[in-house]
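Remarks on the overall topology
What follows is the residue order along each chain.
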Amino acid sequence: MIIALLFAWIGGLLLIAGALVVSAAALPLRQPALSLVALLPAGVAGALIAFDAELPAPDPAFDTLLGLGFVLLGVIAGGPLASFVLQLATRGSSLPGAHGGILVTDSGETPAREVMRGGSTIGYLERTAIIGGILLGRFEVVAVVVAIKGLGRYSELDRAESRERFIIGTLVSFVWAGACALLVVLG
């Protein structure tokens, strides 16, 4: 029984590590769909929690590594997942700029100008803050992140295409970070 638990825990940790590597490579490779692999360990963990499965850790270090893995997965995979959902939502018509920002054109403007160029960095920071806030039980951190992000980007949201991408990307990022944090809290 102990050997089976050990293999299950090691397999789970390897699954998370693999998802982290693939998700980290997704944006540089310009293949955000690769980040869908992150849904696998999250789905398995969610199912185990939902069905109240008992898989005691062979050592407390396994619990720590699992929690750290989901925190990293929440921060790292959120960017490419948001990019993938944006591609689906815009049917591929809205491509990111050279710096990951949103390309917008004013009437007759050529080439398109890129707005919100720091979105990837802001995404990493927002997901880190959201996960940290949830793990600490300080849910007001989520409200502060939403307020700061909305106010800080207000002037760049003058076009419908930038507003829609901003909202979709933000919501995907927030939901993913929150889900990964809940897996750590409930797991």
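Within each chain, residues carry numbers counting from 1 in the order of the written sequence. Since the coordinates come from a predicted model, pLDDT governs what is reported: local features require at least 70, and pairs of side-chain atoms require 80 or more to be given and counted, while whole-chain, interface and lining totals use all residues. No hydrogens and no water enter the side-chain calculation; it runs on all heavy atoms of the structure.

**A closer look at a nonpolar patch on the surface**
For patches, a residue must show more than 30% relative accessible area and have no salt bridge; joins then use 9 Å for like charges and 5 Å for nonpolar side chains, namely Val, Leu, Ile, Met, Phe, Trp and Tyr. Using a 1.4 Å probe, the Shrake-Rupley method yields the accessible areas, and only the shown protein chains count as cover for residues. Salt bridge, as applied in this entry: a Lys or Arg side-chain nitrogen positioned within 4 Å of an Asp or Glu carboxyl oxygen. A contiguous nonpolar patch, built from I49, L135, L182, V185 and L186 and spanning about 410 Å² of accessible area, is present on the exposed surface. Counting from the N terminus, the helices are the DSSP runs of H or I reaching at least four residues and the strands are the DSSP runs of E reaching at least two. Considering each element in turn, the nonpolar patch owes the most residues, 3 residues, to helix α7 (residues 160-186).

**Brief notes about the pattern of salt bridges**
All told, the structure shown has 1 salt bridge when counted by the stated rule. Close ionic contact of R138 with E140 constitutes a salt bridge, the shortest N to O distance being 2.4 Å.

**Some details on the side chain of S173**
Note that S173 resides in helix α7. Type-normalised accessible area, obtained with a 1.4 Å probe on protein chains alone, sets the label of each residue: buried when under 20%, exposed when over 50%, and partly exposed for intermediate values. Given a relative accessible area of 2%, S173 falls into the buried group. When checking whether two residues touch, look at their non-hydrogen atoms; a contact exists if any pair is within 4.5 Å. When neighbours within four sequence positions are excluded, S173 is seen to be in contact with G123, E126 and R127.

**Overview of the packing of aromatic side chains**
Between rings of Phe, Tyr and Trp, where Trp is taken as its six-membered ring, a pair exists when centres lie within 6.5 Å; planes separated by under 30 degrees are stacked, by over 60 edge-to-face, and by other angles tilted. Scanning all chains against the criterion turns up 1 aromatic pair. Seen in terms of ring centroids, W9 and F62 are 6.1 Å apart; in terms of plane orientation they differ by 70°. Their pairing is edge-to-face. One end of the pair, W9, is in helix α1 (residues 2-26); the other, F62, is in helix α3 (residues 60-76), and 53 residues separate them in sequence. Taken as a pair, W9 and F62 share a single burial class, namely buried.

**Some words on the packing of α1 against α3**
Where α1 contacts α3, the two axes come as close as 10 Å, and the packing angle between them is 20°. Between α1 and α3, the crossing angle belongs to the class labelled roughly parallel. Crossing geometry of α1 relative to α3 is assigned as left-handed. Mapping the contact onto sequence places L6, W9, I10, L13, I16, A19, L20, S23 and A24 in α1 and F62, D63, L65, L66, G69, F70, L72, L73 and I76 in α3. When residues are grouped by polarity, Ala, Val, Leu, Ile, Met, Phe, Trp, Tyr, Cys and Pro land in nonpolar, Asp, Glu, Lys and Arg in charged, and all others, Gly among them, in polar. Among the residues making up the contact of α1 with α3, the classes are represented as 15 nonpolar, 2 polar and 1 charged. Convention adopted: a line fitted to C-alpha atoms gives each axis, helices being fitted over their contacting stretch, and angles between N-to-C directions are expressed from 0 to 180 degrees. Roughly parallel means an angle under 35 degrees; roughly antiparallel means over 145; roughly perpendicular covers 65 to 115; every other angle is labelled oblique. By convention the crossing between two helices is left-handed if the near helix lies anticlockwise of the far one by an angle smaller than a right angle, and right-handed if it lies clockwise.

**Focus on the confidence of the model for the protein**
Every residue is assigned a pLDDT by the predictor, reflecting its confidence on a scale from 0 to 100. For the protein, the average pLDDT comes to 87, and 81% of its residues sit at 70 or higher. Within the protein, strand β1 (residues 102-104) has the poorest average pLDDT of any element, 65, and α3 the best, 97.

**Re the nonpolar core**
Within the largest apolar cluster, 15 residues are counted, with the highest numbers of intra-cluster contacts made by A38, F70, L73, A77, L81, W176 and L183. Secondary-structure elements contributing two or more residues to this core are α1, α2 (39-50), α3, α4 (78-89) and α7. Here this core gets 4 residues from one element, more than from any other, and that element is α7. Residues enter a nonpolar core if they are buried and are Ala, Val, Leu, Ile, Met, Phe, Trp, Tyr or Cys, with the set joined through side-chain atoms within 4.5 Å. Core analysis: the next-biggest nonpolar cluster, separate from the first, contains 8 residues, V75, I131, F174 and A181 among them.

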